[in-house]
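A look at the structure
If you want the building blocks of each chain, they are given just below.
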Amino acid sequence: MADLQVKTRNPMPLRDAAERTADFREVALGYDDETAIAEASRCMGCKTRPCVSGCPVGVPIPEFLRLAAQGDFEGAYQKIGEASSLPAVCGRVCPQERQCEAKCMRGIKGEPVAIGAVELFVADRHMQQGGSKISLPKPNGQRVAVVGSGPAGLACAGDLAKMGYRVTVFEALHLAGGVLVYGIPEFRLPKHIVRREIDELCAMGVEIVTNAVAGSSFTVSELLSEMGFEAVFLGTGAGLPKFMDIPGENARGVFSANEYLTRVNLMRAYEQDSETPVFRAKRVAVVGGGNVAMDAARCARRLGGEEVFVVYRRSEEELPARREEVQHAKEEGIRFEFLTNPVEILTDGEQNVTGLRCVRMQLGEAGADGRRRPTAVAGSEFSLAADCVIMALGTSPNPLLGRTTEGLVARAHGEIDADGDGRPSLAGVFAGGDAVTGSATVILAMGAGKRAARAIDAYLRGLHK
Amino acid sequence: MYKILKKRMLNRTTVLLTVEAPLAARKARAGQFVILRADGRGERIPLTIADFDREAGTVGVIFQVVGGATMTLASKQEGEEIADLVGPLGIPTQTAGLRNVAVVGGGVGCAIALPVARRLMEEGAKVTAIAGFRTAEMVILEEELRAASHLFVLTTDDGSYGQRGNVCAPLSRMLGEGEPFDEVFTVGPLPMMKAVAETTRPRGIRTVASMNPIMIDGTGMCGCCRVTVGGERKFACVDGPEFDAHLIDFDEAMVRLRTYSAFEAKSREKHCNLFRMGSREGE
Ligand SMILES: Cc1cc2nc3c(=O)[nH]c(=O)nc-3n(C[C@H](O)[C@H](O)[C@H](O)COP(=O)(O)OP(=O)(O)OC[C@H]3O[C@@H](n4cnc5c(N)ncnc54)[C@H](O)[C@@H]3O)c2cc1C
Ligand code: FES
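Since the structure is predicted, the reported quantities are computational estimates derived from the model, not experimental observations.

**Observations regarding the overall build of chain A**
Looking only at helices and strands, chain A features 20 helices and 16 strands. Across its three principal directions, the C-alpha atoms of chain A cover 70 × 65 × 50 Å. The 465 residues of chain A split such that 58% are buried. If you take every contact in chain A between residues at least 6 apart in sequence, the share linking residues at least 24 apart comes to 69%. If you average the places of the 54 positive and of the 59 negative side-chain charges in chain A, the two averages end up 4 Å apart.

**A word on the interface of chain A and chain B**
Residue-level contacts link 45 residues of chain A with 44 residues of chain B. Here chain A packs against chain B, burying approximately 3,800 Å² in sum over the two surfaces, 50% of which is carbon and sulfur. At the boundary of chain A with chain B, the tally comes to seven salt bridges. A:Asp245 is the salt-bridge partner of B:Arg233, the closest N and O atoms lying 3.0 Å from each other. Taken together, chain A and chain B are joined by 26 residue pairs in polar contact (both at pLDDT 80 or more). Counting residues per element, the ones that place at least two in the side of chain A that touches chain B are strand S5 (240-241), strand S6 (254-256), helix H15 (257-264) and helix H18 (400-404) of chain A. Here the element with the most residues in the side of chain A that touches chain B is H15(A); it accounts for four residues.

**Notes on the sheet that holds strand S10 (residues 151-156) of chain B**
The mixed open sheet is built from seven strands, whose spatial order is S11-S10-S9-S8-S12-S13-S16 (chain B). Every other strand in the sheet has two partners, leaving strand S11 (163-164) and strand S16 (242-244) of chain B as the edge strands with one partner each.

**Describing the domain arrangement of chain B**
How big an interface is tends to be stated in terms of accessible area lost as the parts join. All names here are of chain B. Domain boundaries assigned for chain B yield domain 1 (2-89) and domain 2 (100-257). At the junction of the two partners, domain 1 supplies 21 residues and domain 2 supplies 22 residues. Here domain 1 and domain 2 share an interface that buries about 1,800 Å² over both sides, 58% of which is from carbon and sulfur atoms. Counting the contacts that link domain 1 with domain 2 gives two salt bridges. Among the salt bridges present, the one from Glu137 reaches Arg12, with a minimum N-O distance of 3.1 Å. Scanning the region where domain 1 abuts domain 2 turns up four residue pairs in polar contact (both at pLDDT 80 or more). For the side of domain 1 that touches domain 2, the element with the highest residue contribution is strand S4 (residues 45-53), accounting for five residues.

**Remarks on the domain arrangement of chain A**
All names here are of chain A. Along its sequence, chain A is organised into domain 1 (17-128), domain 2 (143-239 + 396-463) and domain 3 (243-393). Spacing between the C-alpha centres of domain 1 and domain 2 amounts to 27 Å. In this assembly, 23 residues from domain 1 lie in contact with 21 residues from domain 2. The contact between domain 1 and domain 2 buries some 1,900 Å² in all, and 72% of this surface belongs to carbon and sulfur atoms. Joining domain 1 to domain 2, the criterion identifies one salt bridge. Arg196 is paired through a salt bridge with Asp124; the nearest N and O atoms lie 3.5 Å apart. One can count three residue pairs in polar contact (both at pLDDT 80 or more) joining domain 1 with domain 2. Elements supplying a minimum of two residues to the side of domain 1 that touches domain 2: helix H7 (87-93) and helix H10 (115-128). Ranked by residues supplied to the side of domain 1 that touches domain 2, first place goes to H7 with five residues. Of the residues assigned to the side of domain 1 that touches domain 2, the class counts are 15 nonpolar, four polar and four charged.

**Considering the side chain of B:Thr219**
Residue and element names in this part refer to chain B. Of note, Thr219 is situated in the loop between strand S13 (207-210) and strand S14 (226-229). Judged by relative accessible area, Thr219 falls into the buried class, the value being 10%. Within polar-contact distance, the side chain of Thr219 engages the side chain of Asp217 at 2.7 Å.

**Re the pairing of strand S8 (residues 100-106) of chain B**
One face of the sheet, then the other: side chains in a regular strand alternate in exactly this way. All names here are of chain B. Counted residue by residue, S8 has seven buried out of seven residues, so it is predominantly covered. Alternating positions in S8 separate into two faces, Asn100, Ala102, Val104 and Gly106 on one and Val101, Val103 and Gly105 on the other, with burial throughout. Pairing between S8 and strand S9 (residues 126-133): seven bridges, direction parallel. Bridge pairing links Gly105 to Ala131 in S9. With helix H3 (residues 110-122) bridging S8 and its parallel neighbour S9, the resulting β-α-β unit is right-handed. As judged from the five bridges shared by S8 and strand S12 (residues 183-187), these two strands associate in the parallel manner. Looking at the pairing, Gly105 lines up with Val187 of S12.

**Here's the deal with the pairing of strand S3 (residues 33-37) of chain B**
Residues and elements named next belong to chain B. The element S3 is extensively covered by neighbouring structure, given that five of its five residues are classed as buried. Because side chains alternate across S3, one face comprises the buried residues Phe33, Ile35 and Arg37, and the other comprises Val34 and Leu36, equally buried. Of the pairings in the sheet, the one linking S3 to S4 comprises four bridges and is antiparallel in character. By the bridge assignment for S4, Val34 is matched with Leu47. Note: S3 against strand S7 (residues 84-89), four bridges, orientation antiparallel.

**Thoughts on the nonpolar core**
Counting 112 residues, the largest nonpolar core has A:Ile61, A:Phe64, A:Tyr260, A:Val286, A:Met294 and A:Ile456 as the members making the most contacts within it. Considering each element in turn, this core owes the most residues, nine residues, to helix H20 (residues 442-463) of chain A. Setting aside anything within four residues of it in sequence, one finds A:Ile61 in contact with A:Cys51, A:Val52, A:Cys55, A:Cys100 and A:Ile115. Counting residues in hydrophobic clusters, the runner-up holds 57 residues, among them A:Leu356, B:Leu89, B:Leu190 and B:Val238.

Parameters and conventions
Sequence order as written defines the numbering, with residues in each chain counted from 1. For this description, chains carry letters from A and ligands carry numbers from 1, given in the order in which they are written. It should be noted that, the model being predicted, local features are given only for residues of pLDDT at least 70 and side-chain atom pairs only at 80 or more, the latter also being counted only at that level, while totals for whole chains, interfaces and linings use all residues. With hydrogens and water set aside, each side-chain value is computed from the structure's full complement of heavy atoms. A run of DSSP states H or I qualifies as a helix once it reaches four residues; a run of E qualifies as a strand once it reaches two. Both are numbered from the N-terminal end. The classification of residues rests on relative accessible area computed with a 1.4 Å probe and restricted to protein chains. Under 20% of the type maximum is buried, over 50% is exposed, and intermediate values are partly exposed. Only heavy atoms enter the contact rule, under which two residues are in contact if any of them lie within 4.5 Å. Neither His nor the chain ends is counted toward charge; the positive residues are Lys and Arg and the negative residues Asp and Glu. Taken as the charge location is NZ of Lys, CZ of Arg, CG of Asp or CD of Glu. Accessible area that two parts lose when put together, with a 1.4 Å probe and added across both, is what the buried area reports. Counted as salt bridges are all cases of a side-chain nitrogen of Lys or Arg within 4 Å of a carboxyl oxygen of Asp or Glu. In protein, a polar contact means a hydrogen-donor-capable atom and an acceptor-capable atom, both N or O and within 3.5 Å, with residues adjacent in sequence counting only if both atoms are side-chain atoms; elsewhere, any N or O pair within 3.5 Å suffices. When DSSP finds two or more bridges between two strands, those strands count as paired. Domain delimitation in this document rests on an assignment produced automatically or drawn from a domain database. Classification used: nonpolar for Ala, Val, Leu, Ile, Met, Phe, Trp, Tyr, Cys and Pro, charged for Asp, Glu, Lys and Arg, polar for all others including Gly. By the criterion used throughout, a crossover qualifies as right-handed when its path from the first strand across the helix to the second strand runs clockwise, the strands pointing away from the viewer. Here, nonpolar core means buried Ala, Val, Leu, Ile, Met, Phe, Trp, Tyr and Cys residues that are tied together by side-chain atoms lying within 4.5 Å of each other.

This is the structure:
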């Protein structure tokens, strides 16, 4: 019995699949105190701390788990806070199975410690207790502008505020949070959690200006001159959606995942009184295999999709989505068409989507990125009926800033060319997150924001010496 | 929050709002647009900037009440606030070097034609303005357009005011008479802009159309504003909203504009019912 407990993790309690596809409320219910303590106690406290090496920002994992195991949840939260700004978010959305949990020694003979679930628990507990009483240093009077309010911008702003800088965050949309509010759905990351994080920033004196588009309402060089900022951080993300360039892609009923998800999440189109429309279809095909594809498919299911299927050109093993999302999608009745690639979107005489023409794929040799390259199987064409197609093929950085910022160098896909500390070759300008790496993860964006905050501090200290 | 400083009905269904929005006014130029949201439940509505005042920090927009979201916006009164206004977005109208231009507007599109005509006048170009409406009671901005042009022609489909017929008739006549326009700028309903493009195509006169597709963010993030121009995919919010009218796939644009027509009909009905209930209470 004891042995079994050690080998298997405490499962995250979930809402029943039939119940949860009827609404947008959170799927995971979270641990209770006893379960959190039991799960944290599974940590063996390895001296070599392999889990920490798996964490992109180096959260002191064994240390926070030890505190949690002792029931000191606030202590555990503060421990995570040494390395991370958004524990309640990361606990929910990090691909732990590929990071910390992949390195956990418990995983060799059983299941790894559910590090993400314990992180989520202590973060939520911290907020229930009323959040942080942060004692801020004396303001140093220097002003820094942060462009974009996704995880990169929020983390950078928070760390700078803690160092005494006066920070203003400029966000193009009407709501701060970046992908956390417009992309990731409520049932996976409730929006009140993001709002809480942002409220904490505001309590630290960070000013957030929404409806402000850098590169159009003002330029980066104006921020550094007449607008009075001494440094600028660009955390503008990678929002530009890709399409496949196949016939029928502009028909009625074909959407980028960004459009579909923005309508649902940012504009709350699933609520009765929202003025924003969303396309409600019975048979929905989602093309792609990442988190974005899973989110779009699960939203479509909740919006009345009776048959929702994910069309992915590689096999299940290569799915880039978090494993948990794939599992949850399956439980919710989402079907998968693996090794399948659309070649045409079929339409009726009025340009309404009626289906997809696809080919079967096979995996060949590994390509430069180390992943096996899919190629079409000759003569394998077939059709799938659908009345809506959602393209979740990935995104690249928005070209707007590059077009209007002299001296900002863009790489092949529009990424801002910057060094490890987020320094593009432009005085006073720093960058990080998806804008630099192309679409990646919340934790990497957050880590980049924190690193840039340190680099900005060093830069401004040098300037004022 | 953004305060409504002025509200005026230009006809029964067309509203002019002047809104306090210093950040958008700072950089606004003819041809650009803003996105507004009436309140926390509101849809993001893209509207072309009809006029702006940098010193006063205000932006004027003109819109027709067509669906639920514009009804909510139209219900706001002077002195009240709207939740959001962001801009300026899109690429400004390119007027440099133009000497002789026909500005052709249809319906509420005349609100967009006006700042373009004004700007061309300021830059010393010869401006011919042609404004088309369905019927006399839909006419807007007649005096303003007359003042912003050297020659002004007004048409109504039913002949109840001005010349009878659509905007293409006078345009075609002028072209036939050999008027050497170096550009025709058009903005209005898609079928009208398509017809204008077909009118100028045989003569090879450069024609620019201002597109008004469905949008959400207006920053290039969602792709719902995509328009096919010369076989290429363009995002109207960042690559436009103005494109070479001879290269635009107008038929596709018409299909895309109807994406949510069923939803819009329903929301219009819902709103009308609310209005009806409201007015009954007021009786
Ligand atoms: C649907 C979806 C699901 C995802 N799921 C996961 C997941 O489960 N786990 C995970 O780790 N990652 C996930 N990701 C990826 C993750 O969300 C991103 O890597 C992360 O948000 C990047 O953060 P960022 O701060 O760099 O940019 P963003 O979050 O993209 O924020 C950028 C912000 O900048 C604003 N902006 C852009 N241009 C301008 C401008 N010119 N002026 C002012 N503001 C501007 C944008 O409006 C946006 O708010 C997901 C992404 C999507 C789209
Ligand atoms: S409106 Fe979203 S990309 Fe243009």
